[in-house]
Structures are given as C-alpha cells and as structure tokens.
Amino acid sequence: MVYHSTRDKNNKASFKDAVIKGLANDGGLFVPEYIEKLPQDFFNNIENMSVAEMATMVMKPYVGDEIPEDKLKAILEEVLSFDFPLVEVDENKFALELFHGPTLAFKDVGAGFLARCLGYFADDNKKVTVLVATSGDTGSAVANGFYGVKGTEVIILYPSGKVSASQEKQLTTYGGNITALEVNGTFDDCQAIVKEAFQDKDLNKHLNLSSANSINVARFIPQSLYYFIALAKFMKQNKDILVSVPSGNFGNILAGIYAKKMGLKIDKFVISNNVNNPVVEYLQSGEFKKRPSIHTVSNAMDIGNPSNFERLLDLYPNLDDLKEVVEGYTYSDKETLESIEDIYTRTSYLPDPHGAVAYLGLKEAMKNKDNAIGIFVETAHPSKFIETFTDKQKEKLEIPERLSVFMDKEKVSIKMNNDFISFKKFLLSIK
Ligand SMILES: *Cc1c(COP(=O)(O)O)cnc(C)c1O
C-alpha cells in the first residue's frame, strides 16, 4: 500500500515510513491511496474465522508485505486478546464495549498495534522517540503498549488538571522508557506542540521522531477491527444499522467509516459531541472553525481542533456526500449527567460520560426510525471517571484491579509551559 499526505498527493510513503514518521513533513496526515471492499467470500465466511484470521485479512491490504503475514497475524492475536461485547441496554440499543483491554479504553487496540509495528521496524542503532499528546486515555494506552519496547522512548504530553485522577495515575507511574510531561494548557496546546515538533528541522536532525496519536496510520486503521468483530453478525439484517461514536479527535469514527468502505454493513454514523463540536457545526454550516477547547465531564473529547478532520475531508470533500454517511449532535455536561442518571435508573447499566453522550446522539438519530438497530460506543470503563458519578450510581461499580493498582503508585511528571520552545529544549536535553 502506498500512503500519501492529505495536503499533497505526491508526498508519498510506504506503510513502514508512514508508521515511523507519524505525520507527513508537510504537516498533513498520511492516508492510504485507496480503501478497497473486501471480497464477498470474506463476509460469507466471517463467522467461521478466528478473530486473528479475520483481522489479518482486514489489515493485510494496508500493511502489504512490509510485515510478513504470520508475524502480522501474531501481532493481531495479541492486540485483540480481549472481548468487544455488545450489551443490549434498551430495546434495539446496544452498548459496544471497547474497554476490556489492559488500560480500560478503546485506545488499547490502536496503541498496542502501533507499539508492536514500531518494535518490529525498530532499527537497533536508531532509537525512536515517540511523541504523544493525550486528552486522558491515549497516554495510558500508549504507555502500556510501549513500556519496555526496545529502541523506543515515549514522551507523553497531557494537560495539567484536565484529565481524571485515575487517568493521570495511569500515565505518570510507568517510569522506564515512559516520561510524562504535565503541560500548563489544554489538550489542543499539547497536540499543537507535538505537531510543531515534526516540522522542526533542528529536532528532526537530532532525533528520530514518531507519533502515537491517531494521526499515525498504525494507530487509527486497526480500530476498524472491533467494528468487524462486533457488527459482522448484522450483515444480513434488513434493518438499518446506526453507530454512534463519542468523538474527539475523530480517529475512532473514521476507522468505522473505513470499515464501512471495506464493506461492513453500517448505514449511518452519528457523531456525538460535547460542547467541543467544530465538526457538528461544519455539518450544519459548511464552515469549519477550530477553536479553544472547553473542559467537560467527557474530557477525552475536549478537542477544539480535531486532527482527523483532515482525513474526513479527504474522503468526503463534498459536504453533501459526508452527510449521507454521518449526522451529528452536541450535548452539554448537564445533559450528559442526566443521561447517566436516566440510563442507570431505568436499566441499571452505568455508562461512562463519553458513552452517555453517545447514547444521547443515538437516541436522537433513532427518533423516527422504527426499524433500526442502534449501537452506541462505550469507549472507556466507567471507573476511569468515578468522580462524575453520584454515590448511588457508584454503589455497584467495581473498579477493576488493573486500574486500582495504579492508584497507590506515586505520580511522576515534569511540569512544562505550553510553548514549543520549552518542549524543544526538553527534547534536546534528553537526546
Ligand atoms: C479518545 C477517547 C474518545 C475520542 O476518540 P477519538 O478517536 O479521538 O474521536 C472518546 N472517549 C474516550 C473515553 C476516549 O478515551
């Protein structure tokens, strides 16, 4: 597969180059030159295949021969070694739980795949410095995926005071090849600093930089896999399948749209946003205006300038074509908290704040659709956001041990201002 930059079709890269570079040197994002429909045979047999076999067939076109097929299959087997259950919460409304991985958020799939690809491509003489900006869950998934991976040094930038307590513990307590920078600013500041680093000639001369954000193709493309795993059983349904995705940087929903392009039956995607909603506004007005992010209870979506918007535009340059595939809604914190309470009291299912936003979007989209199956994506385990729940809601919440072990560890972070110069100085000091 050949990849090219969203900003210049002639700026090309192999899979390996796209993975190692993360971001194209013109500031654009790499996209595959084409997304092909999988053969009908694949869909006929999908229920008889093992998860790793199925996943290998989905990923093979994007990886090509750059990782041998048996190695690719082994990587996918490790990365997908947990469940992706659909839980019926209301009649015809299912939660797709993507949080059963090691760090309890959907990002484990992409981060695990990326870490293993980079480990495979690692050149013994050339350390890779992996930069990652996080709004909460990416940092821990990346730390978990890369901890101890030879030849890699991971630098996590997170906005001080704007991630949940357990998220912060999960990303500041690894040590080893993982360093956490606590930035006095927002997630968008962290992301902008990381992006600037890729374009800085000086830094790139001294360091071999890569990105572990969903700007990296090895982070976001494998996220298509859980849609195949969970939704293939609806292939023969003559009902509409709607999927509501709580979106921040738009990597998760974009991977779902890729799955649809590859032939998976999904009729409509619902962008569910908190008040940070420049893409929903774009759907309404045709104008995209980035803006500063606002802190909310669904903090992993506090993004005012989602980087994967560029990839969405690359797929659908025409707004009307995009509207055929997606619709979008916005919800306040008040509505989110009411949604948690509503779902919990009616069904005793406790959604996390992001899932609660996705539920609201799904409900809206299904209003006039009697004959549809709705899926809302539960992107993280509720215990990661325990501070948003009332005592009553928390009563039956069990905190998984793989989260509680972090709470007793000591946070280690390096405080930094939200400017590129400070970051550059830091990077050059550790090279
Ligand atoms: C990262 C994250 C999101 C947003 O996903 P994107 O791929 O950035 O749109 C939503 N919910 C949770 C819990 C997350 O960690």
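Structural notes, computed from the coordinates. All values reported here derive from a predicted model rather than from experimental measurement. (Residues numbered from 1 in each chain as written. Predicted model: local features only at pLDDT ≥ 70, side-chain atom pairs only at ≥ 80, totals over all residues. Heavy atoms only, no water.)

### Observations concerning the overall build of the protein
And then number 1: A count of helical and extended segments in the protein gives 20 helices and 14 strands.
And then number 2: In summary, the protein has a C-alpha radius of gyration of 20 Å against a globular reference of 22 Å for 431 residues, a match within 12%.
And then number 3: Overall, the C-alpha framework of the protein stretches about 60 × 50 × 45 Å when taken along its three principal axes.
And then number 4: Taken across its 431 residues, the protein has 61% of its residues classed as buried.
And then number 5: Pairs at least 24 apart in sequence give 76% of the contacts found in the protein among residues at least 6 apart.
And then number 6: Accessible area of the protein: about 17,100 Å², with a carbon and sulfur share of 46%.
And then number 7: Charge separation in the protein, taken as the distance between the mean sites of 49 positive and 59 negative side-chain charges, equals 3 Å. (Helix = DSSP H or I, 4+ residues; strand = E, 2+ residues; numbered from the N terminus. Rg over C-alpha atoms; globule rule 2.2 N^0.38 Å. Buried < 20%, exposed > 50% of the residue type's maximum accessible area, 1.4 Å probe, protein only. Contact = heavy atoms within 4.5 Å. Areas by Shrake-Rupley, 256 points an atom, 1.4 Å probe, with all protein chains shown as cover. Lys, Arg positive; Asp, Glu negative; His and termini not counted. Charge placed at Lys NZ, Arg CZ, Asp CG, Glu CD.)

### Section: unusual backbone geometry
And then number 1: Of note in this structure, Leu-104 is not a glycine but carries a positive phi near 65°.
And then number 2: Following the sequence through the fold, Leu-104 ends up in the loop between strand S5 (93–97) and helix H5 (107–121).
And then number 3: A positive phi angle, near 60°, is found at Ser-348, a position not held by glycine.
And then number 4: Looking at where Ser-348 falls in the secondary structure, it is placed in the loop between helix H16 (333–347) and helix H17 (353–365).

### Things to note about the sheet that holds strand S13 (residues 372–378)
And then number 1: A sheet is described by the order of its strands in space; here six strands give the open sequence S4-S5-S13-S10-S11-S12, paired in mixed fashion. Two strands bound the open sheet, and with one partner strand each, they are strand S4 (86–90) and strand S12 (326–330). Averaged over all neighbouring strand pairs, the angle between strand axes comes to 25°, with direction disregarded.
And then number 2: In the sheet, S4 pairs with S5 via four bridges, with the strands oriented antiparallel. For Glu-88, the partnering residue across the bridge sits in S5 and is Phe-94.
And then number 3: Its contacts with the sheet put helix H12 (residues 251–261) on strand S10 (240–246), strand S11 (268–273), S12 and S13, and the angle it makes with S11 is roughly 180°.
And then number 4: Here H17 sits on the sheet in contact with S4, S5, S10, S11, S12 and S13, set at roughly 160° to S13. (Pairing = 2+ DSSP bridges. Axes fitted to C-alpha atoms, helices over the stretch in contact; angles between N-to-C directions.)

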